[in-house]
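# Overview (structure and organization)
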Amino acid sequence: MNRGSTALLGVALAGVVTLAACGTSGSSAQNLHNVQQLAGKRSDINPQDPSTLVDGNFVWPLDTWLPNWNGNEVDGNDENDVPVYSAIEPELFTIESDGTTQPNPDYLTSAKVTSANPQVVTLDFNPKAHWTDGSPLSWQDIKAQWQALNGSNPDFQAVTNQGYVDISSVTQGATPTQVVITFSKQFAEWQSLFTRLSPLYPRSVNATPTSFNTSLAQGPPLVSAGPFKVQSFDKNKNTIVMVRNPDWWGTKPVLSKLIFQVVARDNRADAISNNGITWTPLFASADLYRRAQQMSNVVIREAVAANFNDVWFNGRPGSLFSDQKLRVAVARGIDPTAMTKAAIGTIEPNPVPIGNHLYTPGTKYHVDHTNLLSYDPAEAKKELAADGWQQAAGQRYRTKNGKELDVSILDSTSDDQVGLQLNKLEIGQLAAIGVKAAVNAVPDAQVSSLTDKGEWDIQNNGWLVSPFPVSRTSSHYVLDPNNMGSNYEQIGNGTINSLYQQANTTLDQVARAKLGNQIDTLLWQEAVDVPLFQSPGVAVVSKKVANFGAFGFGDVNYTKIGFIKQ
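In this section: the overall build of the protein chain. A tally of helices and strands in the protein chain yields 14 helices and 24 strands. Reported as C-alpha extents along the three principal axes, the dimensions of the protein chain are approximately 75 × 60 × 45 Å. Within the protein chain, the fraction of its 566 residues that count as buried is 61%. With 42 positive and 52 negative side-chain charges, the protein chain shows a spacing of 3 Å between the two charge centroids.

Another aspect to go through is the packing of aromatic side chains. Scanning the model with the defined rule gives 22 aromatic pairs in all. Taken together, a centroid distance of 6.0 Å and an interplanar angle of 15° make the contact between Trp-60 and Tyr-558 stacked. With Trp-60 in strand S3 (residues 58-62) and Tyr-558 in the loop between strand S23 (545-546) and strand S24 (562-564), this residue pair connects regions lying 498 residues apart in the sequence. For Trp-60, a relative accessible area of 6% corresponds to the buried category. Judged by relative accessible area, which is 6%, Tyr-558 ranks as buried. Seen in terms of ring centroids, Trp-248 and Trp-249 are 4.5 Å apart; in terms of plane orientation they differ by 40°. Their pairing is tilted. Assigned by exposure class, Trp-248 and Trp-249 land together as buried. Here the aromatic residues Phe-58, Trp-60, Phe-260, Trp-279, Phe-548, Phe-551, Tyr-558 and Phe-563 are joined through ring pairs into a cluster of three or more.

So, about the packing of helix H13 (residues 494-504) against helix H14 (residues 509-526). For any two helices packed against each other, one specifies the crossing angle of their axes together with the interaxial distance. Viewed as axis vectors pointing N to C, H13 and H14 meet at an angle of 165°, and their least axial separation amounts to 9 Å. When the axes of H13 and H14 are compared, the pair comes out roughly antiparallel. Of the two elements, H13 crosses H14, and the hand of that crossing is left-handed. On H14, the residues that touch Thr-495, Ile-496, Leu-499, Tyr-500, Gln-502 and Ala-503 of H13 are Arg-512, Leu-515, Gln-518, Ile-519, Leu-522, Leu-523 and Glu-526. Of the residues contributing to the contact of H13 with H14, the split by class is eight nonpolar, three polar and two charged.

Within the fold, Gly-276 resides in the loop between helix H5 (268-273) and strand S13 (279-281). Residue class for Gly-276 comes out partly exposed when judged on its relative accessible area of 40%. As a C-alpha pair, Gly-276 and Gln-261 span 15 residues in sequence and 9.7 Å in three-dimensional space. Look past the residues within four positions of Gly-276 in its chain and what remains in contact with it is Val-59 and Ala-271.

The next thing to look at is the side chain of Gln-178. Note on placement: Gln-178 falls in strand S9 (residues 178-183). Among the polar contacts listed, one links the side chain of Gln-178 to the side chain of Asp-124, at a separation of 2.8 Å. Those residues in contact with Gln-178, other than ones at most four positions away along the chain, are Thr-122, Leu-123, Asp-124, Trp-139, Thr-171, Gln-172 and Gly-173.

In this section: the pattern of salt bridges. It is possible for side chains of opposite charge to pair when their charged atoms get near one another. Per the counting criterion, the structure on display carries 11 salt bridges. Salt-bridge contacts for Glu-189 lead to Arg-512; the nearest nitrogen and oxygen are separated by 3.5 Å. Of this pair, Glu-189 sits in the loop between S9 and helix H3 (203-206) while Arg-512 sits in helix H14, and the two are 323 residues apart along the sequence. For Glu-189, a relative accessible area of 6% gives the class buried. With relative accessibility at 10%, the residue Arg-512 sits in the buried group. Through salt bridges with shared partners, a single network forms among Asp-63, Arg-265 and Arg-268.

Pairing is antiparallel in the open sheet, where three strands are placed in the order S2-S24-S23. At either end of the open sheet lies a strand with only one pairing partner, and these are strand S2 (53-54) and S23. Both S23 and S24 contribute to a ladder of two bridges, which runs antiparallel. Note that in S24 the partner of Val-545 across the bridge is Phe-563.

The next subject is the layout of surface pockets. Its boundaries defined by the atoms lining it, the second largest pocket holds a volume of some 690 Å³. In this structure, the second largest pocket is lined by 26 residues; those nearest its centre are Gly-99, Pro-467, Phe-468, Pro-469 and Gln-509. Residues of the lining of the second largest pocket, tallied by class, amount to 12 nonpolar, nine polar and five charged.

Ranked by size, the top nonpolar core spans 49 residues in total, and within it Phe-313, Leu-384 and Leu-430 carry the most contacts. Contributions of two or more residues to this core are made by strand S15 (307-313), helix H7 (324-332), helix H8 (336-344), helix H9 (377-386), strand S18 (406-412), helix H10 (417-432), H13 and H14. When residues in this core are grouped by element, the largest group, six residues, is from H14.

This part is about the pairing of strand S20 (residues 458-465). When you tally the buried positions in S20, you get eight out of eight residues, the bulk of the element. With burial as the criterion, each face of S20 is covered, one bearing Ile-458, Asn-460, Gly-462 and Leu-464 and the other bearing Gln-459, Asn-461, Trp-463 and Val-465. As paired elements, S15 and S20 share seven bridges and run antiparallel to each other. Counterpart to Asn-307 in the pairing with S20 is Leu-464. As paired elements, S18 and S20 share two bridges and run parallel to each other. Within S20, the position partnered with Ile-409 by the bridge is Ile-458.

Within the span of helix H11 (residues 444-453), buried status applies to Asp-444, Val-447, Ser-448, Leu-450 and Thr-451. Of the residues one or two after H11, Gly-454 is the one with positive phi, at around 80°.

What follows is about H10. Think of an α-helix as turning once every 3.6 residues; residues three or four places apart then point the same way. With 16 residues, H10 extends 23 Å from end C-alpha to end C-alpha; this agrees with the ideal 22 Å at 1.5 Å per step. Taken together, the buried positions of H10 are Val-418, Gly-419, Leu-422, Asn-423, Glu-426, Gln-429, Leu-430 and Ala-431. Residues of H10 that are buried in the fold lie against S15, H7, H8, S18, strand S19 (436-442) and S20. Phi for Gly-434, located one or two positions after H10, is positive at around 90°.

Reading the values: the criteria
- Residues numbered from 1 in each chain as written.
- Predicted model: local features only at pLDDT ≥ 70, side-chain atom pairs only at ≥ 80, totals over all residues.
- Heavy atoms only, no water.
- Helix = DSSP H or I, 4+ residues; strand = E, 2+ residues; numbered from the N terminus.
- Buried < 20%, exposed > 50% of the residue type's maximum accessible area, 1.4 Å probe, protein only.
- Lys, Arg positive; Asp, Glu negative; His and termini not counted.
- Charge placed at Lys NZ, Arg CZ, Asp CG, Glu CD.
- Phe/Tyr/Trp six-rings, centres within 6.5 Å; stacked < 30°, edge-to-face > 60°.
- Axes fitted to C-alpha atoms, helices over the stretch in contact; angles between N-to-C directions.
- Parallel < 35°, antiparallel > 145°, perpendicular 65-115°, else oblique.
- Left-handed = near helix turned anticlockwise from the far one by under 90°.
- Contact = heavy atoms within 4.5 Å.
- Nonpolar A, V, L, I, M, F, W, Y, C, P; charged D, E, K, R; others polar.
- Polar contact = N/O pair within 3.5 Å; in protein donor to acceptor, adjacent residues only side chain to side chain.
- Salt bridge = Lys/Arg side-chain N within 4 Å of Asp/Glu carboxyl O.
- Pairing = 2+ DSSP bridges.
- 1 Å grid on protein atoms, 1.4 Å probe; cavity = no way out; pocket = protein on both sides within 12 Å on 5 of 7 lines; lining within 4 Å.
- Points joined across faces, edges and corners; volume = space filled by probe spheres on them.
- Core = buried A, V, L, I, M, F, W, Y, C linked by side-chain atoms within 4.5 Å.
- Expected span 1.5 Å × (residues − 1).

Spelled out as structure tokens, the structure:
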């Protein structure tokens, strides 16, 4: 499967976050839990007092090299990249493991709604907070980012304009370190603008469309403001070395160095067994799960995962799936239950599809709407025929006006075994209703390019989930012909757009969730995509590591990661 995004519920495309079927053996065998069983388990990180920990060699594996170090730009909108820029760029609010947000005291001493009508948010920067060039974080940094992300200049290739488009002004308060943000209309989930979903970058990055889009395409910003700073990076060796930021004003990190290394998923089991990496998500590797249970140097940690997986349709004008009737028919031929069981069924007991585009199972406002577009091959065949796609006697695939119903599934050449397995399953399901399908496997960088250009029919993707289900899904499901954002499918309608506008201005959480579920029903009816499953967040981690593992919805605290004294 392709790369997963964090901008949807939570950034552009990353690998399916799944587990694989396999047997268990050995004295350390551990049965994993399904999402419902993990509902009360928000994190599993071996919490320890950092003062009791020691430094060590921490190697963090990445799937691919960063296509762009700007997490707010479409090419940098990748789950794979989040841990890299989170270590060096300001995230003004932290997301806790239960999904709540808190002002990050390293960057903010206060964050308040100081007026309801108009809505005004006042932020006070920590007076100690500064960029590595010595300049303090100030209201001008927020103003520059707002101007880059508010959609007024479409040349800024922003992941999303949501929330920023609703800001009417950013001005200085009583001091240069006080920011007064005035909204033209109420924006309920305003904290989302200042979390890892939208990290703060130096003014130089946000100054022009060129600097925003390309200045970080080859490497990190020249100035940063995190607990770590980049010491070196080597694209040929796929290695990034970070060291403690000597000008960091916050708590001194336990680790003196943090290394990011691209390691193929199929090589993770060997790498962690040999202490070549310090941890890895379990992903979909049967080999990794089986072997991890027998490794003496690791522990398996799990919590509710902030992710889900789905199947996209390319609905751009002129594309095959711009036909809504065809999307609905083909969607009825894809079995999310079978896909879910194939991916995680023999590890996670009784897994079920998530059934909702905005709210994942285990969250307060989740409603299963799968019945609106349920798997029904017989009905799929009827709807295909009604749409003009006939299957002649003796012919395997359907045709219309002499053209065969042939779809291309875009995927990466670096996909893992479960991703390949699910592709095969999907191809078989489509063949059963008379649809010919084949995988177009290309290198990761080309996946992004072809996605942006709309040169694909179907993709299987993984998304990160955030505690802001309305505002953070807007960028994916609002259709704006002038700004793609992260609506890569280019599917939607005016009613969906209108409901998002209403929900984003609704401060009452219950009323907002009601609107959110109305949006979900329309997304099913439009057949924007087929939601598949949420997987438990499973991490294979060195036994020596503390304050790290399965974080659930929460952020990593880079200053607290350390090794237990031996």
